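# Remarks on the overall topology
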Amino acid sequence: MQIIHNKESLINKIREYKSQGKKITLIPTMGNLHQGHQVLFSKAPHNTIKVVTIYVNPLQFDSDDDYQNYPKGLKTDLEVCMQNNITLVYAPKGDISNDIVIEENIDLPKFTRYLCGQKREGHFLGVYKIVKYLFNIVNPDFACFGKKDFQQLLLIKYIANTYFPGINIIDVDTVRDTNNIALSSRLTRLSKESLSSTIRIYETLNSIKSELLKGSSFVKLKERSVDYLEANNIHVEYLDLRSLITLEEASDKLKSCGIFIACYVDDVRLIDNIEI
Ligand code: PAF
């Protein structure tokens, strides 16, 4: 496994792979790799060069506290990559924000203003910049992203469709533990007790889904669910029924819809979603 810390070496290595006619799968991450990432790695098509990037991108954090507290552990991450037969890891050292070309007047699609875009000022712009930067350098044949970050996945598909039509985006189902908790690097910041209370997040999404399918109204279900979660130390930022295509609010029309949640357990922000 090759470990590369600077952009020039990455560019050279990618050029070499391409000149040998090899296909490349890119898996961008922010490190602290868990089972969810390993499933992303496993979705890289056979016989492709697996390139993993590990970089905690400050541009996508709206709070310095959140950025500073984001779990980091390169040594263990590299071991995980090794065990997963990753061909190359790109782990830039320090903050590369200045290296990322800042286009003027970036006009992100409307759906980035909903859900996480409402509260996390600049988050999707930061994701847009780093992903476009990586796509530009690597220009892979495939790139894998998880459906837990569904809104991010839509943005990435938009970037690929608009600027890199040759990249196939592989979307990967959310990986859950045995209690159905959606795996996230942030879970490591929770106490045992708080972690066990997060079971209620997916449980609630699932129960809303089955009630909706029986004909109940979302407004009522939402009210009841928020009360239940709040009473259990889960502070809801949003709990919405939205179109999976436009992310517009969906009231009670269920075709191609999902339920999306963001909440805080202690000080840790978690997101999840379920398709109807
Ligand atoms: O999903 C993530 O881990 C990050 O948002 C990504 C796509 C690696 C960009 O920093």
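Refer to the structure presented above.
Residues numbered from 1 in each chain as written. Predicted model: local features only at pLDDT ≥ 70, side-chain atom pairs only at ≥ 80, totals over all residues. Heavy atoms only, no water.

### Points about the nonpolar core
The cut-off we apply is this: Side-chain atoms within 4.5 Å are what join buried Ala, Val, Leu, Ile, Met, Phe, Trp, Tyr and Cys residues into a set we call a nonpolar core. Exposure is judged per residue with a 1.4 Å probe applied to protein chains only, and the accessible area is read against the type maximum: over 50% gives exposed, under 20% gives buried, and values in between give partly exposed. Only DSSP runs of H or I reaching four residues or more are called helices, and only runs of E reaching two or more are called strands; each is numbered from the N terminus. The contact criterion used is simple: two residues touch if any of their non-hydrogen atoms lie within 4.5 Å.
Core analysis: the largest hydrophobic core is formed by 46 residues, its most contacted members being F135 and I169. Elements that contribute at least two residues to this core include exactly α1 (7–19), β2 (24–29), β3 (49–54), β4 (88–90), α6 (123–138), β5 (142–146), α7 (150–163) and β8 (257–265). If one sorts the elements of this core by residue count, α6 sits on top with 10 residues. Setting aside anything within four residues of it in sequence, one finds F135 in contact with L26, P140, A143, F145, I156, I159, A160, F164, I167 and I169.

### A few points about the pairing of β2
The following threshold applies: Strands were regarded as paired on the criterion that DSSP finds at least two bridges between them. Whether a crossover is right-handed comes down to one check: with the strands pointing away from the viewer, does the path from the first strand over the helix to the second run clockwise; if it does, it is right-handed.
With respect to burial, β2 is a largely interior element, six of its six residues being buried. Burial of β2 is two-sided: the residues I24, L26 and P28 facing one way and the residues T25, I27 and T29 facing the other way are all buried. One ladder, built from six bridges, connects β2 with β3; its direction is parallel. Bridge pairing in β3 links T29 to I54. Chirality of the crossover, the property in question, places the unit of β2, helix α2 (residues 35–42) and β3 among those that are right-handed. Here β2 runs beside β5; their pairing, made up of two bridges, is parallel. Note that in β5 the partner of L26 across the bridge is A143.

### Structural notes on the packing of aromatic side chains
Our working definition: Planes of paired rings set the category: under 30 degrees apart is stacked, over 60 is edge-to-face and the rest tilted, where pairs are Phe, Tyr or Trp rings (Trp by its six-membered ring) whose centres lie within 6.5 Å.
Inspection of every chain in the model, using the stated rule, returns six aromatic pairs. Summarising the aromatic geometry, the rings of F135 and F145 are spaced 6.4 Å apart at their centres and angled 75° between planes, so their arrangement reads as edge-to-face. Separated by 10 residues along the polypeptide, F135 in helix α6 and F145 in strand β5 bring together distant segments of the chain. This pair shows no difference in class: F135 is buried, exactly as F145 is. Look at F135 and F164: their rings are 5.5 Å apart centre to centre, the planes differ by 80°, and that puts the pair in the edge-to-face class.

### Brief notes about helix α10 (residues 218–230)
Rules: Expected span of a helix: the number of residues minus one, times 1.5 Å. Directions drawn from the helix axis to the C-beta atoms are what define this arc.
The end-to-end C-alpha distance of α10 is 18 Å, a good match for the 18 Å that 13 residues give at a rise of 1.5 Å each. Where α10 is concerned, the buried positions are F218, L221, S225 and L229. Viewed end-on, α10 has its buried residues packed into an arc of 60°, placing them on one side of the element. Counted as exposed and oriented over 90 degrees from the buried face of α10: V219, K220, E223, R224 and D227. In this structure, the buried residues of α10 make contact with α9 (199–213), β7 (234–243) and β8.

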